[in-house]
Amino acid sequence: MTLEELPGERRAAGRMEQAGDALEEVLSKALNQRSLTLGVYEAAKLLNVDPDNVVLCLLAAEEEEAGDAALQIHFTLLRAFCCENDINILRVSNPARLAELLLPAAGPDPPADLHCVLVTNPQASQWKDPALSQLMCFCRESRYLDQWEPVINLPER
């Protein structure tokens, strides 16, 4: 690593931290507005019926689940569908934090499948929400860098 690489790495880390904060805000608002769909099967059903209303797809899996062939097939199909329908995709690197945000009163063993979370748009325009707008920009910038499924780390609280 050279000195010239340091500012770019810091900028990328800062950009990812901002995106993590924005994602937390988007999830909090979507939870309050009841515009979340949790679970791989439920996500597939919603995407089949109303893909135009989905603004963001989150995929999350523990490291131990990387070898789960069925889950990886589901992820591949969801990715393909989202790409065909211009739905932004993010991979969440810490599913336990995602569970804390979405299921705060569930205890240590969350009852729901959080491998896939869809954020739907209850309002007329998604650009009214600055946090969602920031996430969309993050996804677009990541695609310019050939990162079609950027990884987000939700900040610990």
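Attention here is on the structure that accompanies the text. (Residues numbered from 1 in each chain as written. Predicted model: local features only at pLDDT ≥ 70, side-chain atom pairs only at ≥ 80, totals over all residues. Heavy atoms only, no water.)

1. A look at the overall build of the protein chain
Reasoning step 1: Scanning the protein chain for helices and strands turns up 5 helices and 5 strands.
Reasoning step 2: Moving toward the C terminus, one meets the helices and strands of the protein chain in the order α-β-α-β-α-β-α-β-α-β.
Reasoning step 3: Residues counted as buried form 41% of the 157 residues belonging to the protein chain.
Reasoning step 4: Relative to all contacts within the protein chain whose residues are 6 or more apart in sequence, the contacts with residues 24 or more apart total 82%.
Reasoning step 5: Element-wise, carbon and sulfur atoms account for 53% of the exposed surface of the protein chain, whose accessible area totals about 9,200 Å². (Helix = DSSP H or I, 4+ residues; strand = E, 2+ residues; numbered from the N terminus. Buried < 20%, exposed > 50% of the residue type's maximum accessible area, 1.4 Å probe, protein only. Contact = heavy atoms within 4.5 Å. Areas by Shrake-Rupley, 256 points an atom, 1.4 Å probe, with all protein chains shown as cover.)

2. Structural notes on the sheet that holds strand β1 (residues 36-38)
Reasoning step 1: If you trace the 5 strands from one edge of the open sheet to the other, you get β1-β4-β2-β3-β5, paired in mixed fashion. Strands at the two margins of the open sheet, each flanked by one partner only, are β1 and β5 (151-152).
Reasoning step 2: Across the sheet, helix α2 (residues 40-49) is in contact with β1, β2 (54-60) and β4 (116-120); its angle to β4 comes to roughly 35°. (Pairing = 2+ DSSP bridges. Axes fitted to C-alpha atoms, helices over the stretch in contact; angles between N-to-C directions.)

3. Observations regarding the pattern of salt bridges
Any two side chains of opposite charge can pair, given that their charged atoms come close.
Reasoning step 1: The final tally for this structure, using the stated rule, is 4 salt bridges.
Reasoning step 2: In this structure, Glu25 and Lys29 form a salt bridge, with 3.1 Å as the shortest nitrogen-oxygen distance. Of this pair, Glu25 and Lys29 both sit in helix α1 (residues 5-33), 4 residues apart, which is roughly one turn of that helix.
Reasoning step 3: The class of Glu25 is partly exposed, set by a relative accessible area of 37%.
Reasoning step 4: Take Lys29: its relative accessible area is 32%, and that puts it in the partly exposed class.
Reasoning step 5: Between Arg97 and Glu100 there is a salt bridge, with its nearest N and O atoms 3.1 Å apart. With a gap of 3 residues between them, Arg97 and Glu100 both fall in helix α4 (residues 95-102), about one helical turn apart.
Reasoning step 6: On the basis of relative accessible area, Arg97 is assigned to the buried category, the value being 6%.
Reasoning step 7: One salt-bridge network, in which partners are shared between bridges, spans Glu24, Arg97 and Glu100. (Salt bridge = Lys/Arg side-chain N within 4 Å of Asp/Glu carboxyl O.)

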